[in-house]
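Here are the chains, one letter per residue:
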Amino acid sequence: AQKITQTQPGMFVQEKEAVTLDCTYDTSDPSYGLFWYKQPSSGEMIFLIYQGSYDQQNATEGRYSLNFQKARKSANLVISASQLGDSAMYFCAMRPTGSARQLTFGSGTQLTVLP
Amino acid sequence: DTAVSQTPKYLVTQMGNDKSIKCEQNLGHDTMYWYKQDSKKFLKIMFSYNNKELIINETVPNRFSPKSPDKAHLNLHINSLELGDSAVYFCASSQSWEAEGYGYTFGSGTRLTVV
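What counts as what
Residues numbered from 1 in each chain as written. Chains lettered and ligands numbered in written order. Predicted model: local features only at pLDDT ≥ 70, side-chain atom pairs only at ≥ 80, totals over all residues. Heavy atoms only, no water. Helix = DSSP H or I, 4+ residues; strand = E, 2+ residues; numbered from the N terminus. Rg over C-alpha atoms; globule rule 2.2 N^0.38 Å. Contact = heavy atoms within 4.5 Å. Areas by Shrake-Rupley, 256 points an atom, 1.4 Å probe, with all protein chains shown as cover. Lys, Arg positive; Asp, Glu negative; His and termini not counted. Charge placed at Lys NZ, Arg CZ, Asp CG, Glu CD. Pairing = 2+ DSSP bridges. Salt bridge = Lys/Arg side-chain N within 4 Å of Asp/Glu carboxyl O. Polar contact = N/O pair within 3.5 Å; in protein donor to acceptor, adjacent residues only side chain to side chain. Nonpolar A, V, L, I, M, F, W, Y, C, P; charged D, E, K, R; others polar. Disulfide = S-S within 2.5 Å. Buried < 20%, exposed > 50% of the residue type's maximum accessible area, 1.4 Å probe, protein only.

The number of helices and strands found in chain A is 0 helices and 12 strands. What you see for chain A is a C-alpha radius of gyration of 14 Å, in line with the 13 Å of a compact globule of 115 residues. Each principal axis of the C-alpha distribution contributes one length, and for chain A these read about 45 × 30 × 20 Å. Across chain A, every contact between residues at least 6 apart in sequence was considered, and the portion connecting residues at least 24 apart equals 55%. Accessible surface, chain A: about 5,300 Å² in total, of which carbon and sulfur atoms supply 50%. Averaging the positions of the 9 positive and the 9 negative side-chain charges in chain A gives two centres separated by 6 Å.

Of the pairings in the sheet, the one linking strand β5 (residues 43–50) of chain B to strand β6 (residues 53–57) of chain B comprises 4 bridges and is antiparallel in character. The partner of Tyr49(B) across the bridge, within β6(B), is Leu54(B).

Across the contact, 18 residues belong to chain A and 22 residues belong to chain B. There are 0 salt bridges connecting chain A and chain B. Along the contact surface separating chain A from chain B lie 5 residue pairs in polar contact (both at pLDDT 80 or more). When contributions to the side of chain A that touches chain B are tallied by element, the ones reaching two or more residues are β5 (32–39), β6 (46–52) and β10 (88–96) of chain A. Its residues assigned to classes, the side of chain A that touches chain B shows 9 nonpolar, 7 polar and 2 charged.

On to the state of the cysteines. A full pass over the atoms with the stated rule returns 2 disulfides over all chains. One disulfide in the model links Cys23(A) with Cys92(A); its S-S distance is 2.0 Å. With the S-S bond torsion at -65 degrees, the cross-link from Cys23(A) to Cys92(A) turns out left-handed. Residue Cys23(A) is located in the loop between β3 (19–21) and β4 (24–26), and its partner Cys92(A) is located in strand β10; the two are separated by 69 residues in the primary sequence. Each of the two residues, Cys23(A) as well as Cys92(A), counts as buried. The partner cysteine of Cys23(B) in its disulfide is Cys91(B), sulfur to sulfur 1.9 Å. Negative torsions about the S-S bond denote left-handed disulfides, and the value of about -80 degrees found for Cys23(B) with Cys91(B) makes this one left-handed. Of this pair, Cys23(B) sits in strand β3 (residues 19–25) while Cys91(B) sits in strand β9 (residues 87–94), and the two are 68 residues apart along the sequence. An identical accessibility class is assigned to Cys23(B) and Cys91(B); each is buried.

All names here are of chain B. Applying the stated criterion to the full structure yields 5 salt bridges over all chains. Where Lys-71 meets Asp-30, a salt bridge forms, and the shortest distance between an N and an O atom there is 2.7 Å. Residue Lys-71 is located in the loop between β7 (64–70) and β8 (73–78), and its partner Asp-30 is located in the loop between β3 and β4 (31–37); the two are separated by 41 residues in the primary sequence. One salt bridge in this structure joins Asp-85 and Arg-63, with 2.8 Å as the shortest N-O distance. Pair noted here: Asp-85 is in the loop between β8 and β9 and Arg-63 is in the loop between β6 and β7, with a separation of 22 residues, a long-range link. Judged on exposure class, the residue Asp-85 and its partner Arg-63 are both buried. Counted as one network, the salt bridges with shared partners bring together Arg-63, Glu-82 and Asp-85.

Structure (structure tokens):
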């Protein structure tokens, strides 16, 4: 079974600063995908970024980048130049490519961007 | 045009009632899911259907019954509602069970309150 751990229940960051949201995972599958989702206060789930376990380069999508360290089993999300609209709950998730292919989520980190 | 649409958005009902939540996706995806988000924001998979076939059925009370009349629709029927069923229920879809590198597309959620 896979497990996702997000150890930061809440984080604060000053507007325009960068912030790193931590995520570690545990799986016995040799191949898997890692995802980050954003859930603003309005409640919808927004897909941000994907990293495949065999990808050589860290994924980037605009101001989002994923700091993937396979040996340490970590997949931290880095948000550069934080904006007030980045205030939201952020979930790390993993989907193995074995038989148990469902997306498993961590407990989330509530990010608050301060003006 | 909403990609994954759920109805209703809010549902308030009394204990013991039976209710349904409907979900439709217009993305042409093969796989659909139901997730439950509890009061602590934890997201847990409930069911998954691939081309109308049930492929994941997590430990969920049998009062919950999913139905997929076609691959664009996945409805959730709940019998004999209990207080503990109060949560936000998310429908999601993905391109296919096997496809890698694709995030799930989520509906906007249905907030169920049992009184």
